[in-house]
Amino acid sequence: MSSSEITLKGFAKRCEAVRDLIDSLLAGRMEQSVLLCGACGVGKSTLATLLAQGLLCGEEDMARRPCGVCKSCVRVQKGTHPDCLKLQPDKGKKTVSVENVRSVLSVLSRSPLEGANRAVLIPRMEQLTDAAQNALLKTLEETQKGTWFLLTTDNETKVLSTIRSRCRTVRVAPFQEEEIASILLSEGVPASRAETAAALSEGSLTSAREIAQDDSFDRTQEWTVSLLFSGRGLEDYARLSFTLKNIKDQTDDILRLGVQELRLLIRRSSAGESLPDWADGVWSHAPIERCRAVLEMILQAQRMRQSNVSASAVMDMLVQQITEETSTWSL
Ligand SMILES: [Zn+2]
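These figures come from a predicted structure and were not determined experimentally.

### Observations regarding unusual backbone geometry
Part 1 of the argument: The omega angle of the peptide bond from Arg-65 to Pro-66 is -15°, so this bond is cis rather than trans.
Part 2 of the argument: The phi torsion at Glu-202 lies on the positive side, around 55°, for a residue other than glycine.
Part 3 of the argument: Along the chain, Glu-202 falls in the loop between α9 (191–200) and α10 (205–213).
Part 4 of the argument: Of the residues examined, Glu-202 reaches a relative accessible area of 34% and is grouped as partly exposed.

Okay, here's the thing in structure tokens:
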């Protein structure tokens, strides 16, 4: 994740827990083991990198750290700073092993190479086997002076409670919609697309970037709306099932976008905000609990796809379910 436009100040505005953490870093009293939790794409690893920069930055005035431009900051960002270690799986592996942990710990037994501080980034704690997590325990319990451990995870339940109890746990809130739109704009995404991607991203910059960069997004959105949200009754089902035969390869994209669009509708409708463009006709005043029922149908279809039910069978069933459901809604 590029973080040139994302700063500690921006993070501090987002939620109190993160602001307190940043305050403690800048005051020179941050706990030595920090676990950053939160949904995928909310910027946990970017925040961990910024904290590591803050610890290793060459700027004397703590309040101005990280400067982002000194030799230290640049190397932390590039992943080449000798005192910023990263615990990750071997190439081609999905899990972090005890051996991976031991090799990082062996570096820690020596003094930092450049300054007094050192940071150990441990992204995706859920990738560590239980044995690997256990191998870390003692180190987290008796942290050496000047060494900070910055752990992140999308899934807190996969982190051993013994690890969690030794860390300051900080939950990172999702990005605000406007924040994502302005980051995308600064990355050169055209305004209308930036807004759509931000609205559909549910606060995840990663998924906003995916949507913004997806060349076939407009077409997928057209399919999604026409298949999932424009049918009214069985006649339409016959018309749609003809279309269905042509979109097999796009099924998973359509399901994913269907979930995002519907969540956006539910969110805006609950907040009394203007609905997405596609939500005309019955959708414009559909009760929220009925929209939730349709959302559940699409999620169920996604689960069936994950258990390898064929794309055509899943879409066929889903389109029929939704057209039946919406045909009972009165205009
Ligand atoms: Zn710096």
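### Some remarks on empty space enclosed by the protein
Part 1 of the argument: With the rule as written, the count across this model stands at one cavity of 30 Å³ or more.
Part 2 of the argument: Considering only enclosed or pocket space, the largest cavity measures out at about 30 Å³ in volume.
Part 3 of the argument: Considering the residues around the largest cavity, the lining is formed by Leu-87, Val-101, Val-104, Leu-105, Val-120, Ile-122, Leu-136 and Phe-149.
Part 4 of the argument: A per-element tally of the lining of the largest cavity places helix α5 (residues 98–108) first, with three residues.
Part 5 of the argument: The residue makeup of the lining of the largest cavity, split by class, is eight nonpolar, no polar and no charged.

### Brief notes about the side chain of Gln-127
Part 1 of the argument: For Gln-127, the position within the fold is in the loop between β3 (118–122) and α6 (130–141).
Part 2 of the argument: You can call Gln-127 buried: its relative accessible area is 17%.
Part 3 of the argument: Not counting residues up to four positions away in its chain, the partners in contact with Gln-127 are Pro-89, Lys-94, Thr-95 and Val-96.

### Focus on the environment of His-81
Part 1 of the argument: Position of His-81 relative to the elements: it lies in the loop between α4 (71–78) and β2 (84–86).
Part 2 of the argument: The class for His-81 is buried, based on a relative accessible area of 5%.
Part 3 of the argument: Here the alpha-carbon distance between His-81 and Leu-113, two residues 32 residues apart in the chain, equals 9.6 Å.
Part 4 of the argument: Apart from the residues within four sequence positions on either side, His-81 is in contact with Leu-56, Ser-72, Arg-75, Val-76 and Glu-114.

### Some remarks on the side chain of Thr-220
Part 1 of the argument: Mapped onto the secondary structure, Thr-220 falls in helix α11 (residues 217–228).
Part 2 of the argument: Under the relative-accessibility criterion, Thr-220 is labelled buried at 4%.
Part 3 of the argument: In this structure Thr-220 touches Asp-253, Ile-254 and Leu-257, once residues within four positions along its chain are discounted.

### Section: the coordination of the zinc ion
Part 1 of the argument: Protein-derived ligands of the zinc ion are Cys-57 (SG), Cys-67 (SG), Cys-70 (SG) and Cys-73 (SG), with the metal-ligand distances lying across 2.2 to 2.4 Å.
Part 2 of the argument: If you look at the zinc ion, its four donor atoms make angles of 102 to 120° with each other, and the shape they trace is tetrahedral.
Part 3 of the argument: If you list the donors of the zinc ion from N- to C-terminus, the spacing comes out as C-x9-C-x2-C-x2-C.
Part 4 of the argument: Its relative accessible area of 29% is what places Cys-67 among the partly exposed residues.
Part 5 of the argument: Taking relative accessible area as the criterion, Cys-73 reaches 1% and is therefore assigned buried.

### Quick notes on the sheet that holds β2
Part 1 of the argument: Across the sheet, which stays open at both edges, the five strands sit in the order β2-β3-β4-β1-β5 with parallel pairing between neighbours. Both outer strands of the open sheet, β2 and β5 (168–171), are each paired with one neighbouring strand and no more. Averaged over all pairs of adjacent strands, the angle between their axes in this sheet comes to 20°, without regard to strand direction.
Part 2 of the argument: Where β3 and strand β4 (residues 147–153) come together, five bridges link them in parallel fashion. Among the inter-strand pairings, Arg-118 is bridged to a residue of β4, identified as Thr-147.

### Brief notes about the environment of Leu-128
Part 1 of the argument: With respect to the helices and strands, Leu-128 occurs in the loop between β3 and α6.
Part 2 of the argument: Separated by 28 residues in sequence, Leu-128 and Asn-100 have C-alpha atoms that sit 9.5 Å apart.
Part 3 of the argument: In this structure, Leu-128 is in contact with Leu-87, Val-96, Ile-122, Gln-133 and Leu-136, ignoring residues within four places of it in sequence.

How each quantity is defined
Residues numbered from 1 in each chain as written. Predicted model: local features only at pLDDT ≥ 70, side-chain atom pairs only at ≥ 80, totals over all residues. Heavy atoms only, no water. Helix = DSSP H or I, 4+ residues; strand = E, 2+ residues; numbered from the N terminus. Buried < 20%, exposed > 50% of the residue type's maximum accessible area, 1.4 Å probe, protein only. 1 Å grid on protein atoms, 1.4 Å probe; cavity = no way out; pocket = protein on both sides within 12 Å on 5 of 7 lines; lining within 4 Å. Points joined across faces, edges and corners; volume = space filled by probe spheres on them. Nonpolar A, V, L, I, M, F, W, Y, C, P; charged D, E, K, R; others polar. Contact = heavy atoms within 4.5 Å. Donors = N, O, S within 2.8 Å, 3.2 Å for Na, K, Ca; no water. Tetrahedral: all angles 85-135°; square planar, octahedral: opposite > 155°, others 65-115°. Pairing = 2+ DSSP bridges. Axes fitted to C-alpha atoms, helices over the stretch in contact; angles between N-to-C directions.

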